[in-house]
Amino acid sequence: MRIACPFCGERESGEFTYLGDASPKRPNFAVDSVAGPEPAEDAFYDYVYLRDNVAGVMREYWYHGGGCRSWLIAERNTVTHEFGSVTAAPGAGATKLAQAGE
Amino acid sequence: MVDYLWNAQSPLQKELVAGRHGVTAGQAGVTLTEIRGIMLVQVMARRGKAVETAKAAKKLFGVEPPSTPKAVIGKIATLIWSGPDQFLAFAARSADSQFGKLAEVFAGIASLSDQSDGRCLSQISGPRAREALAKFSSLDLDDTMFPPGATATSSVDHTPVNIWRDANGADGEAVFNLLVFTSFADSLWKTIVASALEYGLEASSAHAE
Amino acid sequence: MSGYSGSEPLSRTAALDANASGRAAPVSQSHRLRSGGLIDRQSPLQFSFDGKTMTGYAGDTLASALVANGVKLVARSFKYHRPRGIMTAGSEEPSALVEMRTGARREPNTRATTAELYDRLMANSQNRWPSLRRDFMSINSLLAPIFVAGFYYKTFMWPAKFWETVYEPMIRRAAGLGKSAELPDPDHYDKAWAHCDVLVVGGGSAGLSAALAAGRAGARVILCEEDSRVGGRLLSDGGDIDGMHAADWLRRATDELASLPNVRVMTRTALFGVYDGGVYAALERVNDHVAVPGPHQVRQRVWRIVARRSVVTAGAIERPIVFPGNDRPGVMMASAVRTYVNRFAAMPGRRVALFTNNDDGWRTVEAIQRAGGEIAAVVDPRGRAPAKYQAVAGLRDVRVLTGGVSDVKRGVDGVRSIVVTGRNGLTQQIEADCLAVSGGWNPNVGLSCFHRGKPVWRDAIAAFVPGDAPRGMTTAGAANGEFSLGACLRDGHAAGVAAAAECGAAGNAGEAAEACDDIYAISPLWQVKAKGKAFVDFQHDVTASDVTLAQREGFESVEHLKRYTTLGMATDQGKTSNVNGLAIMAEATGRTIPETGTTIYRPPYAPVAIGALAGHHRDENFHAWRLTPSHHWAAELGAVFVDTGLWKRAQWYPKPGEKDWLESVTREVLSVRNSVGFCDVSTLGKVDVLGPDAGTFLDRVYINTFSSLAVGKARYGLMLREDGIVMDDGTTSRLAEDHYFLTTTTAKAGPVMQHLEFCRQVLWPDLDVQLTSATDQWAQFSIAGPKTRDLLQAVIEPSEDLSNEGFPFMGAREVKLRGGIVARLFRISFSGEMAFEMSVPACYGEALARNLMIAGKPFGVTPYGTEALGVMRIEKGHVAGPELNGTTTADDLGLGKMMSKKKDFIGRVMAGREALTAPNRQVVVGVKPVDPVRRLRSGAHVVPKGVIPGPETDQGYVTSVCFSPVLAQWIGLALVERGRGRFGEIVRIHDPLRSEDYEAEICNPVFYDPEGVRQRG
């Protein structure tokens, strides 16, 4: 299997590590939330454990650890293994962002 | 009082046996040389400072660092792309404080990490070099696909490596540089030697110039 | 060398040397034609089969040399031990499996048809005892009614206890085919990568055309061919191409391909796998054709080829017809008969009968007659010769019978006669010593179906052709159902042009070569139903009645048919049996063949030696290894090493006279606690965390605060996974305002680095922080013991203040060493003693070790390894890997108070979940056996006294153990339910794995110096 790193070009899959679905976003909760811990726990429970298992195109996190060490977001068809677009995570390199998150 | 000796040791002290290995008939198909005495500094632009980093590099090295996988030869160092907005500055280790100089120029603009001892550098050349490399590297090192000046961050034996191509040698053959992590050097040297035995291998050690 | 001139009749002097007595006396190369063939008659070779020495020529395969020597019987079948001969001339061979070579290189199940002959080749038949001719196990044939399909599932079931003691050993002895060598493989193997634009698979007429076209157009081409030479069927069937003989065209094509620098022709290279993304795998049999590879040469090489496009021109495989006796020695595929005659100048028989249902089989008549043999009869259900052959002179006297072969009678040398049943049901017996069979041709669709594509049935050729192929792959020529030479050449050329163009190479590809377009007519005849065993899968001895039995028992789907009968599951993967099996099942179920369907095709296409897949990575080279900077020095001292992941770490340094590891380790611990010692801890992960937001970044990653850490100080940090479980721990120092130096455990260095990068690039891209690994940059030593300062003062410049005030506990800064180099010094203690960790650039690691030995000589300095390191940290109750085991929380480890309540960090929210804060959780405590000489074992379970041990009463387990020199007994750390409130309680240690059971006391995990006085001195 080959993955086209946007920085390095097409590479053998062994250079990469797969993390999972790129859709879930890490919830942001204040440390001393007046609402108590439940809303945060519920949100984090979903974030940590619940995943859609799509038979089709998914956006996934891949880490080019055996190469330029960039985190990538790749569109992959889980049925045919075909890759669509592969882009760098927003914080790869020295990109300066106005605020956290995508 | 005791005089302590602080001799630098290469990680290849045991595994590198200079001389001819493998097939002995004819010219050696592969030449493998450890390059010792290197200075290597990882330069990583700080957020929003990629342009300043390039400017600072231009001032110090006379060239901008490559923004795509390439190696460019500067005044006092070769700049090797190692990822987005980062590069390795490579030169022969000298008496003066090279890291200090870089730290001054890049202060507040880029973060630096001295990797001079964290990596081991070898040079691979010879008429059969590409065939040997093909045994342990999945990269396309064809002449047009990986021309002089091309570089790659990749893996060998599932360990990270940097490869870049110099200008061809005096014999017209391609010259490849391979930078591996120091702790893996002993193991990877063995892999490289094994790949070249059928072509005849000439192994040696030299100092960076 | 004389090639086969297709259109020129061989002279009559190429006739056989007939043996006057008519009996099969052993005559050297009795069946070798006097001239012709692609063999090198100037290079005779000696070989032996079953101990009998024979002669062949360079260019022969073992099979062709056996044919030339008149050998018909070469094997015994798998289940029934039926006598078998050579059935084909290619890699699809199901029957002629022999054992090649002897000793360490002995290899069973080698197809004689693909084994190239070399001088002094030694081969033996297999699966027979005591001899090939008189095989005792052929008695199985008599028990055939028991051994039908599915018998494994129905027998050997009672009594149950007999399975392990009687049946399984018995079956194991009787089963299997061939014996592998019992010595280590002396050969070397390789793996390599190759890249190209267009990969052409198969070097026959279509493949050569495709390679020429793509190569001329300027594409990077790799053409791989499993045979030792390109040419495919051209080597056996000849033909006229572009107005010249096939041999001449072949020579020109080969020369042109060799002249193109962008084309690489790889012979003896068989493609066996098609993977995602245009990656292909092939096996090159580099030196299978010599007795022993030359010095530094490999035996075989596995190639991984990355190709943008591929053109599969893998040809077609002739299929047998299913009839009683179709497995007898002397029954051979018609195209194989032609191959032996034309390519190898070897006659499979002198009086050949032909059974064919298609036009192509008829070519065999011509070939036999030209070689001076006789055609006994042609049995063709269609009743007459194809139009184009009717005018040929030699056919005038040939008997043509309408009907089918219904039995094969054999003598000791194979076929003696055949029985033909006419359309009218009447039978007649025809004398023949060889029966050539052609049931049609199956395009080789396997490769195109590896990605779950289903092949498509084509009625016109009564065969499957490729359906959906993997992305980037096209099929051409016979593999695509094009059976005429003209079509193959055109088809291959067009495919090559198209593939090259898709890669951006649109140079002048020239014109396709021209040849005639023979019509291929076939009248499907799958089986002749008559009394006797009619074989479908020859290698697994699956008969037609097995297939119908499967149907009667309800195993109608093709996937069930396959597994119930084992049809198609042998090393030949059904190449000569799958379609016939489907046809029989289709008829039995009243469906068409396409309705019956096909099973899933999977790599490898043909067997691949495990050694080839391993390549260089076997034995001590199985995986890469990592050495610490002091490794060679430690080895010099005789250290015993342990593998920690990829690292080799000194485990202990035995001294002469010490009787075991325990003695050495105990000595090392006592030396450290009483004086001073040092240990190489370079393997711990080290990360430079840089930039203005480095401190904030670490606050979010660790449970405790680091932004408040002063420059020149170190702090112990713990990091969690997002689910609240502890991920890793380490000591992180602040070396400058914008420079933190983070350490990890050895095992987690890689995963933590990946996690940190994820946090930097994905979670908090707003933070200005940069990361890079520094593990290999620094050699790091732990120096510990009451004499540590004395030792360090000897190596460090006297101007450096190492006193308790000058360098307080948890300090971290650079110091100058005597002799010029600069080191980093960290006052941290894993051992609980007065200790520092010192790091120097890796190249000075060995020098530092040597100098510490010199400097420490007056104090009896002792190098210590990971075992002593472990003993001391257990004595101090420091948690490590066995406690950070992926199930424990910070609180379980006794580190709950470290969790900041003021900031968010990874794992904060989930760590607060009810289950993770429950009061009955298993927490880290100390344990020590009540009996001071009792050895404590890790993994043992903790249960209360007086209960029956079991899952319901289980209260935890022992995680780390050691013999403590300080307490003079075995101690350990354990995770025990509510453990912290149970100090002093006596519990039961229950170890069913080692059948041990004893009492132990729960206690404070800090066994030694609980106040921490020694490390803060």
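Everything discussed here concerns the structure shown above.
Cut-offs used in this document
Residues numbered from 1 in each chain as written. Chains lettered and ligands numbered in written order. Predicted model: local features only at pLDDT ≥ 70, side-chain atom pairs only at ≥ 80, totals over all residues. Heavy atoms only, no water. Helix = DSSP H or I, 4+ residues; strand = E, 2+ residues; numbered from the N terminus. Rg over C-alpha atoms; globule rule 2.2 N^0.38 Å. Buried < 20%, exposed > 50% of the residue type's maximum accessible area, 1.4 Å probe, protein only. Contact = heavy atoms within 4.5 Å. Areas by Shrake-Rupley, 256 points an atom, 1.4 Å probe, with all protein chains shown as cover. Lys, Arg positive; Asp, Glu negative; His and termini not counted. Charge placed at Lys NZ, Arg CZ, Asp CG, Glu CD. Salt bridge = Lys/Arg side-chain N within 4 Å of Asp/Glu carboxyl O. Core = buried A, V, L, I, M, F, W, Y, C linked by side-chain atoms within 4.5 Å. Pairing = 2+ DSSP bridges. Axes fitted to C-alpha atoms, helices over the stretch in contact; angles between N-to-C directions. Buried area = accessible area lost by both parts, 1.4 Å probe. Polar contact = N/O pair within 3.5 Å; in protein donor to acceptor, adjacent residues only side chain to side chain. Nonpolar A, V, L, I, M, F, W, Y, C, P; charged D, E, K, R; others polar.

S.K.: For this particular structure, what's the right way to read the overall build of chain A?
M.R.: Scanning chain A for helices and strands turns up one helix and six strands. A compact globule built from 102 residues would reach a C-alpha radius of gyration of about 13 Å, whereas chain A, at 16 Å, exceeds it by more than 25%. The C-alpha extent of chain A, read off along each of the three principal axes, is 50 × 35 × 20 Å. The burial tally for chain A puts 40% of its 102 residues in the buried class. Across chain A, the fraction of contacts at a sequence separation of at least 24, relative to all contacts at a separation of at least 6, is 41%. Accessible area for chain A stands at about 5,200 Å²; split by element, carbon and sulfur atoms hold 51% of it. A distance of 9 Å separates the average location of the 9 positive side-chain charges in chain A from that of its 14 negative side-chain charges.

S.K.: How do you make sense of the pattern of salt bridges when you look at a structure like this?
M.R.: Should their charged atoms come close, side chains of opposite charge can pair. Residue and element names in this part refer to chain C. A full pass over the atoms with the stated rule returns 73 salt bridges over all chains. The shortest N-O distance in the salt bridge between Arg 760 and Glu 757 comes to 3.5 Å. Of the two residues, Arg 760 and Glu 757 both sit in helix α19 (residues 749-763), three residues apart, roughly one turn of that helix. Judged on exposure class, the residue Arg 760 and its partner Glu 757 are both buried.

S.K.: I keep staring at the side chain of Glu 92 of chain C and nothing clicks. Help me out?
M.R.: Residue and element names in this part refer to chain C. Structurally, Glu 92 can be placed in the loop between β4 (83-84) and β5 (97-100). One buried charge, Glu 92, has no salt-bridge partner; the nearest side chain with opposite charge is Arg 233, at 7.1 Å. Setting aside anything within four residues of it in sequence, one finds Glu 92 in contact with Ile 317, Asp 572, Lys 575 and Thr 576.

S.K.: Can you help me understand the nonpolar core in this one?
M.R.: Soluble globular proteins: nonpolar side chains tend toward being buried together. Residues and elements named next belong to chain C. With 59 residues, the main nonpolar core has Leu 62, Leu 66 and Ile 86 as its most contacted residues. A per-element tally of this core places helix α1 (residues 62-68) first, with six residues. With residues up to four places along the chain from it excluded, the contact list for Leu 66 reads Phe 47, Phe 49, Met 54, Val 71, Val 74 and Ile 86. In terms of nonpolar packing, the next biggest core, distinct from the first, is built from 37 residues, Val 200, Ala 214, Val 230 and Cys 503 among them.

S.K.: Can you help me understand helix α12 (residues 558-565) of chain C in this one?
M.R.: It helps to recall that an α-helix has 3.6 residues per turn; residues three or four apart then point in one direction. Among the residues of α12 of chain C, those classed as buried are Val 558, Leu 561, Lys 562, Tyr 564 and Thr 565 of chain C. At the exit of α12 of chain C stands Thr 566 of chain C, carrying a positive phi of roughly 65 degrees.

S.K.: Before we go on, may I ask you to explain the sheet that holds strand β23 (residues 427-431) of chain C in this structure?
M.R.: Strands in a sheet are paired, the pairing made by backbone hydrogen bonds, and the direction either parallel or antiparallel. All names here are of chain C. A sheet is described by the order of its strands in space; here three strands give the open sequence β21-β22-β23, paired in antiparallel fashion. Looking at which strands have only one partner, the edges of the open sheet turn out to be β21 (403-411) and β23. Direction aside, neighbouring strands of the sheet carry axes that sit 25 degrees apart on average. Sheet analysis places strand β22 (residues 414-422) next to β23, joined by five bridges and oriented antiparallel.

S.K.: Would you explain the interface of chain A and chain B in this entry?
M.R.: Interface size, as often reported, equals the accessible area lost upon joining of the parts. Each side of the interface is counted separately: chain A has 18 residues, and chain B has 18 residues. Across the chain A/chain B interface, buried area totals approximately 1,300 Å², and carbon plus sulfur atoms make up 48% of it. Where chain A meets chain B, there are zero salt bridges. In this structure, the connection of chain A to chain B is made through 10 residue pairs in polar contact (both at pLDDT 80 or more). Grouping the constituent residues of the side of chain A that touches chain B by class yields five nonpolar, seven polar and six charged.

S.K.: I keep staring at the sheet that holds strand β35 (residues 686-690) of chain C and nothing clicks. Help me out?
M.R.: Residues and elements named next belong to chain C. Reading across from one edge, β36-β37-β38-β35-β39 is the order of the five strands in this open sheet, with antiparallel pairing throughout. Sheet topology places β36 (713-720) and β39 (770-773) at the edges, where each strand pairs with a single neighbour. Here the strands of the sheet are splayed against their neighbours by 25 degrees on average, with no regard to which way each runs. Most of the contacts of α19 go to β39, to which it runs at about 165 degrees, and overall it touches β35, β36, β37 (726-736), β38 (739-743) and β39.

Note that all results are geometric; they support no functional claim without further evidence.
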